[in-house]
Amino acid sequence: MNPLLAKLQPYPFERLRQLFAGVTPNPEFAPISLGIGEPKHPTPAFIQDALAAGMGALATYPATAGDLPLRQSFTGWLARRYGLALDPATQVLPVNGSREALFALAQTVVDASRTPAPVVLSPNPFYQIYEGAALLSGAEPYYVPSVPARNFAVDWDSVPDAVWARTQLVFVCSPGNPTGAVMPIGEWEKLFALSDRHGFVIAADECYSEIYFRDEPPLGGLEAAARLGRGDFRNLIALTSLSKRSNVPGLRSGFVAGDATIIKSFLLYRTYHGSAMSGTVAAASIAAWNDELHVVDNRAQYRAKFAAVTPLLEPVLDVRLPDASFYLWAGIPPSWQGDDAGFARALYAQYNVTVLPGSYLAREAGGANPGRGRIRMALVADTAECTEAAKRIVNFIQN
């Protein structure tokens, strides 16, 4: 077996299952889960219809690069959303959801033969795929903390020069999971300068870009590059997905866009990886990317939920409305002394509400786990259920 597999840690939801083992939640309360970031809004009917209409494509093998209409739906959306003009032939590729693309990209760009060992940078806390992708590419993960006092901005200045010199890939998540923070253009400019100096690739995970709470949509990595005169998007790949935007997590559909040289190598890797998108899924994807009305409605539903839930929780938790995404990243009361796992277990036992301990989404670095003392709540159920969960959390803390 590949010895690198032994370096992988249990996924947060497996740790949560172990945390709850042996606990029988209070039967007076119906279960409510805020633990998993899985969209629960109904899939729009027109996407389902397009999927059904595309069933004829099951009779043929799909092209790894995707057909031109699919790639044009990507570049058309990028033009409408960010004002960008990308070449559908060379600067975009379909992927089967952002998770597999994040993992596969690391296998494409990391050169594990270099000495000393290459480094992959990840925000901390983070989406665990970043860590697994780094480890199985033969790289060493380096965890860069988020700073609560700076709206959970990633502290890139804390990375030593010796680490930057070994860095081959940097994962950026904006809007962030779990914090919901959006990276401003000044931070992008800083990363681009470092990339030019050291030659590393930036992977911008942007799957939450369409769920936001203010008038101005979140800045994207490609958009930032274009504003800063980097129209070739050198050493930059943006990854996005339909799962959250269009409520189709089971469709497993997204795309990557950016540096044409990296895209060319990524296509070669994917040709051997066997990860072509089904033509049936492509038909539904084209319909989804070409429609914005359902996205506006979806965003309005999340805004209503956060407007109802956040004021209930603010008096008892260290929490505020995030920039974007569908998570609340909340500090637990000081009386718990940072025991986010104990808080989650007791809440589940007494009120049958599931939240994810923040320490499960981070790693100890520099003597501290930046997720400790926090919980992540995914407001993915309907407003009534999320509001009921918030009321139970308030009662749990007050009692």
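Residues numbered from 1 in each chain as written. Predicted model: local features only at pLDDT ≥ 70, side-chain atom pairs only at ≥ 80, totals over all residues. Heavy atoms only, no water.

Draft legend 1. Focus on empty space enclosed by the protein. Across all of its chains, the model carries 2 cavities of 30 Å³ or more by this definition. Quantified by volume, the largest cavity comes out at close to 110 Å³. Taken together, Asn151, Phe152, Thr179, Asp318, Val319, Arg320, Pro322, Asp323, Tyr327, Leu328, Trp329 and Arg374 make up the full set of residues lining the largest cavity. The biggest single contributor to the lining of the largest cavity is strand 10 (residues 327-331), with 3 residues. In terms of residue class, the lining of the largest cavity is built from 6 nonpolar, 2 polar and 4 charged. By volume, the second largest cavity amounts to about 80 Å³. In terms of lining, the second largest cavity is formed by 14 residues, of which the most central are Leu78, Tyr82, Glu206, Leu222 and Ala238. Of all the elements in the fold, those that place two or more residues in the lining of the second largest cavity are helix 3 (68-82), helix 8 (221-227), strand 8 (236-241) and strand 9 (254-258). (1 Å grid on protein atoms, 1.4 Å probe; cavity = no way out; pocket = protein on both sides within 12 Å on 5 of 7 lines; lining within 4 Å. Points joined across faces, edges and corners; volume = space filled by probe spheres on them. Helix = DSSP H or I, 4+ residues; strand = E, 2+ residues; numbered from the N terminus. Nonpolar A, V, L, I, M, F, W, Y, C, P; charged D, E, K, R; others polar.)

Draft legend 2. Structural detail: the layout of surface pockets. As a volume, the largest pocket reaches approximately 470 Å³. Sorting the residues of the lining of the largest pocket by element identifies helix 1 (12-20), helix 4 (98-109) and helix 9 (242-246) as the ones contributing at least two each. The class makeup of the residues in the lining of the largest pocket is 14 nonpolar, 6 polar and 6 charged.

Draft legend 3. Inspection of helix 13 (residues 340-351) at higher detail. The first and last C-alpha atoms of helix 13 sit 16 Å apart over 12 residues, in line with the 16 Å expected at 1.5 Å per residue. Where helix 13 is concerned, the buried positions are Asp340, Ala341, Phe343, Ala344, Ala346, Leu347, Tyr348 and Tyr351. Next to the buried residues of helix 13 lie helix 1, strand 11 (353-354), strand 12 (356-357), strand 13 (374-378) and helix 14 (383-398). Within two residues after helix 13, Asn352 carries a phi angle of roughly 60°, on the positive side. (Expected span 1.5 Å × (residues − 1). Buried < 20%, exposed > 50% of the residue type's maximum accessible area, 1.4 Å probe, protein only. Contact = heavy atoms within 4.5 Å.)

Draft legend 4. Summary view of unusual backbone geometry. Look at the link from Thr115 to Pro116: it is a cis peptide, with omega at -5°. The peptide bond linking Ser174 to Pro175 adopts the cis configuration, its omega dihedral lying at -5°. One non-glycine residue, Gln337, adopts positive backbone phi at about 50°. Take Gln337: its relative accessible area is 64%, and that puts it in the exposed class.

Draft legend 5. Spotlight on the packing of aromatic side chains. Scanning the model with the defined rule gives 24 aromatic pairs in all. Seen from their ring centres, Trp77 and Tyr82 are 5.7 Å apart, and the 85° between their planes marks the pair as edge-to-face. When sorted by exposure, Trp77 lands in the same class as Tyr82, which is buried. Between Tyr351 and Phe396 the ring centres are 6.3 Å apart and the planes differ by 80°, which places this aromatic pair in the edge-to-face class. Pair noted here: Tyr351 is in helix 13 and Phe396 is in helix 14, with a separation of 45 residues, a long-range link. Pairwise contacts between aromatic rings join Phe29, Trp336, Phe343, Tyr351 and Phe396 into one cluster. Above the face of the Tyr360 ring, Arg15 is positioned so that its terminal group lies 4.0 Å from the ring centre. In this structure, Arg270 packs its charged tip against the face of Phe266, placed 5.1 Å from the ring centre. (Phe/Tyr/Trp six-rings, centres within 6.5 Å; stacked < 30°, edge-to-face > 60°. Lys NZ or Arg CZ within 6 Å of the ring centre and 35° of its normal.)

Remember, this is a structural readout, not a statement about activity or role.
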